[in-house]
Structure formats: structure tokens, C-alpha cells
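# Descriptive structure summary
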Amino acid sequence: MTERVASATAVLVCQGRATADGRYAVDRFSDPVARMLLDEAERLVVDLVRAGPVPAEAATRMAFEMVRRVGLTMVPRTVAIDDAIRVHGAAQIVILGAGLDARAWRMTELSRATVFEVDHLASQRDKARRVGDLVPTAERVVPVAVDLAIERLGPALEGAGFAPQAVTTWVWEGVVPYLTRKQVRSTLAQVAELSATGSRLVVNYQMASSVTRVMRAVMRLVLRVSRQSDPLAGEPWRSLWRPDRMRGLLGENGFAVTSDSDLLTLATGLSLPAENNGSLRNGRVAVAVRD
Ligand SMILES: C[S@@+](CC[C@H](N)C(=O)[O-])C[C@H]1O[C@@H](n2cnc3c(N)ncnc32)[C@H](O)[C@@H]1O
């Protein structure tokens, strides 16, 4: 296990969900726990975004814009993944790169499920501190420290009580871009080995987009120049995938894709302002079943 600092992008997406909770798609999206997982300083920008007016000062405005846009992206992504988990109804869930995912503390549908949360040790320690004595809605939450880039999933999961013969829902949200293609291939091969027939994999991945690349570069430059902390600094994107390639890779590993939609399509019918459409077009959620 490589020791490292806790993930900053996990905090960023948690801030996004905290900005969106109770404001957008209220009949479909809800994450009241996200705010509880944030430190006081991390809540400041969330409160600014929720309050509305765009700050005049450039530096504050950039942090504001980043969190606001992430919030808009989180809504369709979360709704699609929550729906897939509910529909499958498995009693064993594995969340790969769980970060500050709050499903095990907010989804009452998991009351009979064991949720294994896989992440770097540093991110897990940080999460344990943030969670404190919050009571899970899942029957059991089991942290499993694995660095997907260099460690084997199977021994760690099985050592933590994971049952490979049981049907599993795997959630792989917001993690694929941070792994190289080789690491994605290797992780998927391990997931396949550990998946009983009928298991589902819900994978969120990112397509290449020059607009997104330029936007991220500009945001990061402004943050650096204005000496604000940059949540993207330590976690570069390492792999972006075309849908046909992702489908092919899933197929090679015995996972048949049952749906694969971009976030803009998944946002249809959700009450969201139509202003983050570029980013929504490039993020996707695929659901695949192990045959
Ligand atoms: C953007 S966050 C997403 C967190 C969570 N899935 C969500 O959507 O809220 C990326 C997460 O992937 C984890 N991650 C990135 N590379 C990883 C690796 N090699 N092994 C385990 N976890 C990793 C990070 O620690 C972080 O928690």
C-alpha cells in the first residue's frame, strides 16, 4: 500500500453533492449526508454556491464555479447509479474508490446489504474521521484498503468477508479517469474474477473532450495564480474512454452492457439548469451484467 494523502477530488465531488441536495431534482436526487462529511472550511464554498450570487473576486469565483459545475454533474450521475443499485437489489455491494460516497449512510434500500468500500488507506482514514458516529443505513459497511494501481483486490476483499459466490453490485464511480488504461484493464479483470453470474457493474467513465481539457486547464491556472488550493493538482486524469472501447473491454471480461448513457441524456426529466451541458455530454454511466 502506497501511503499518500487523502483524495482531494473526493472532497470536491462531495461538495458538489452538498450544493445540489434539496435544490435540484429534489424528487430524484438527495444526499443530505454529503454536507455532514465536509469540514467547516470545505462547507464555506458550498454555502456560497447555495446562496446564489456569483462572487465578484476572481479567485473566489473560480472555486465557486468549480463546485457549482461539479454539483450539476453529480445529480444525473448519482441518480443513475442509485437507480441501478435499487433495481439490482443485491445484498453485497462493492464501491471501488469510494471516497466520500454516502450511499451506505443515506440509502435505506441498503438496510440488508453489506457495503464494501475500497479506497486508498489515507482516504479511508480521512473518511472514518469525517463519518464519526453517523449511523449507516446499510446493514454493514466494511472499509477495504486497496490501491487499485498496484494491489490485488481479491485477497483484500475476501479477507474482509466478501463472498465471491454471492451476486454483487459493483459501483465504480469517478475513479476510472484516475487510473491508467492498464490499471483499468487489470481492475476490471479482477472484478470479473470475483463476480458471480448475474452480478452487475455500474461504471462511470469520462470521454475525451478538448473543451473540457481547456476548461480544466484554465480553472487550474486561475487557482494557482490566485494561490488557492487546487483539488485537481495531485490527481491527474490518466485514461479517457470511448463508449465502444469501454463496451469492448467489458465484453472481453464477461460483462454484457445493458445500458450506457451520457450524463446529459441521464439528466432528461431531472430539474436541472441547462448550463453544464458540455461536461454532462462527456461523462457516462454504463451498467453491465456478468454472464
Ligand atoms: C473523484 S473521487 C470519487 C469518489 C467517489 N467514488 C465519488 O464518486 O464520490 C476518486 C476516488 O478514487 C480513489 N482512487 C483513485 N485512485 C485510486 C487507486 N489507485 N486505488 C484506490 N482508490 C483510488 C480516490 O482515493 C478517490 O476516493
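Everything discussed here concerns the structure shown above.
Read on for a plain summary of the structure. Small disclaimer: the values here were computed from a predicted structure and weren't measured.

Here we come to the overall build of the chain. A tally of helices and strands in the chain yields 12 helices and seven strands. The burial tally for the chain puts 54% of its 291 residues in the buried class. A separation threshold of at least 6 residues defines the contact pool for the chain, and within that pool the share at least 24 residues apart is 77%. Looking at the chain as shown, the accessible area adds up to about 12800 Å², and 54% of this sits on carbon and sulfur atoms. Counting 37 positive and 32 negative side-chain charges, the chain places the averaged centre of each group 5 Å from the other.

A few words on the pairing of strand β5 (residues 200–206). Among the seven residues that make up β5, six are buried, leaving the element largely enclosed by the rest of the structure. Both strand β4 (residues 168–172) and β5 contribute to a ladder of four bridges, which runs parallel. Bridge pairing in β5 places W170 opposite L201. Traced from β4 through helix α8 (residues 181–193) to β5, the parallel crossover comes out right-handed. Bridge analysis of β5 against strand β7 (residues 283–290) gives seven bridges, and the strand direction is antiparallel. Residue pairing in the sheet places N204 in a bridge with V285 of β7.

Moving residue by residue along a regular strand, the side chains alternate between the two faces of the sheet. Direction of pairing for strand β2 (residues 114–119) relative to strand β3 (residues 140–145): parallel, over a ladder of six bridges. What sits directly across from V118, in β3, is V144. Handedness of the crossover joining β2 and β3 through helix α6 (residues 121–131) is recorded here as right-handed.

In this section: the site of the ligand. Lining the immediate surroundings of the ligand are 21 residues, of which R17, G97, D119, L148 and E173 lie closest. Contacts to the ligand include R77, whose side-chain N or O atom sits 2.9 Å from an oxygen atom. Between A149 and the ligand, the recorded distance is 3.4 Å, taken from a backbone N or O atom to a nitrogen atom. The protein chains hide 97% of the 590 Å² of surface that the ligand would expose on its own. Ranked by the residues each element gives to the shell around the ligand, the list is headed by helix α1 (residues 8–20), at four residues. For the shell around the ligand, the class distribution of residues is nine nonpolar, seven polar and five charged.

Summed over all chains, the structure comprises 22 salt bridges. Between D83 and R86 there is a salt bridge, with its nearest N and O atoms 3.1 Å apart. Of this pair, D83 and R86 both sit in helix α4 (residues 58–88), three residues apart, which is roughly one turn of the helix. Judged by its relative accessible area of 27%, D83 is partly exposed. Relative accessible area serves as the criterion here: at 34%, R86 is assigned to the partly exposed category. One salt-bridge network, held together by shared partners, links R17, D31, R77, D82, D101, R103, R106 and E173.

Once that is clear, we can look at helix α10 (residues 243–252). Inspection of α10 places M246, L249 and L250 among the buried residues, and these make up the whole buried set. In a view along the axis of α10, the buried residues occupy a sector of 100°, so they form one face of it. Looking at the buried residues of α10, the elements they touch are α8, β5, β6 (255–262) and β7. Positive phi appears at G254, one or two residues downstream of α10, with a value of about 80°.

Now for the side chain of D31. Tracing the backbone shows D31 in the loop between α1 and α2 (32–36). Apart from residues no more than four positions distant in its own chain, D31 is found in contact with R17, D21, A102 and R106.

A few words on the packing of α1 against helix α3 (residues 40–51). Where α1 meets α3, the axes come as close as 9 Å, and the angle between the chain directions of the two elements is 35°. In the crossing of α1 with α3, the sense of the turn from one axis to the other is right-handed. Facing α1, whose interface residues are V11, Q15, A18, T19 and A20, α3 presents E42, V45, V46, V49 and R50. The residue makeup of the contact of α1 with α3, split by class, is six nonpolar, two polar and two charged.

Quick look at the nonpolar core now. With 42 residues, the main nonpolar core has L37, V75, I85, I93, L110 and V115 as its most contacted residues. For this core, the secondary structure elements donating two or more residues are α1, α2, α4, β1 (92–96), α5 (103–106) and β7. For this core, the leading source of residues is α4, giving seven residues. Not counting residues up to four positions away in its chain, the partners in contact with V75 are A20, Y24, A25, F29, L270 and L272.

Basis of the calculations
- Residues numbered from 1 in each chain as written.
- Predicted model: local features only at pLDDT ≥ 70, side-chain atom pairs only at ≥ 80, totals over all residues.
- Heavy atoms only, no water.
- Helix = DSSP H or I, 4+ residues; strand = E, 2+ residues; numbered from the N terminus.
- Buried < 20%, exposed > 50% of the residue type's maximum accessible area, 1.4 Å probe, protein only.
- Contact = heavy atoms within 4.5 Å.
- Areas by Shrake-Rupley, 256 points an atom, 1.4 Å probe, with all protein chains shown as cover.
- Lys, Arg positive; Asp, Glu negative; His and termini not counted.
- Charge placed at Lys NZ, Arg CZ, Asp CG, Glu CD.
- Pairing = 2+ DSSP bridges.
- Right-handed = clockwise from strand over helix to strand, strands pointing away.
- Near = heavy atom within 4 Å.
- Polar contact = N/O pair within 3.5 Å; in protein donor to acceptor, adjacent residues only side chain to side chain.
- Nonpolar A, V, L, I, M, F, W, Y, C, P; charged D, E, K, R; others polar.
- Salt bridge = Lys/Arg side-chain N within 4 Å of Asp/Glu carboxyl O.
- Arc of directions from axis to C-beta.
- Axes fitted to C-alpha atoms, helices over the stretch in contact; angles between N-to-C directions.
- Left-handed = near helix turned anticlockwise from the far one by under 90°.
- Core = buried A, V, L, I, M, F, W, Y, C linked by side-chain atoms within 4.5 Å.

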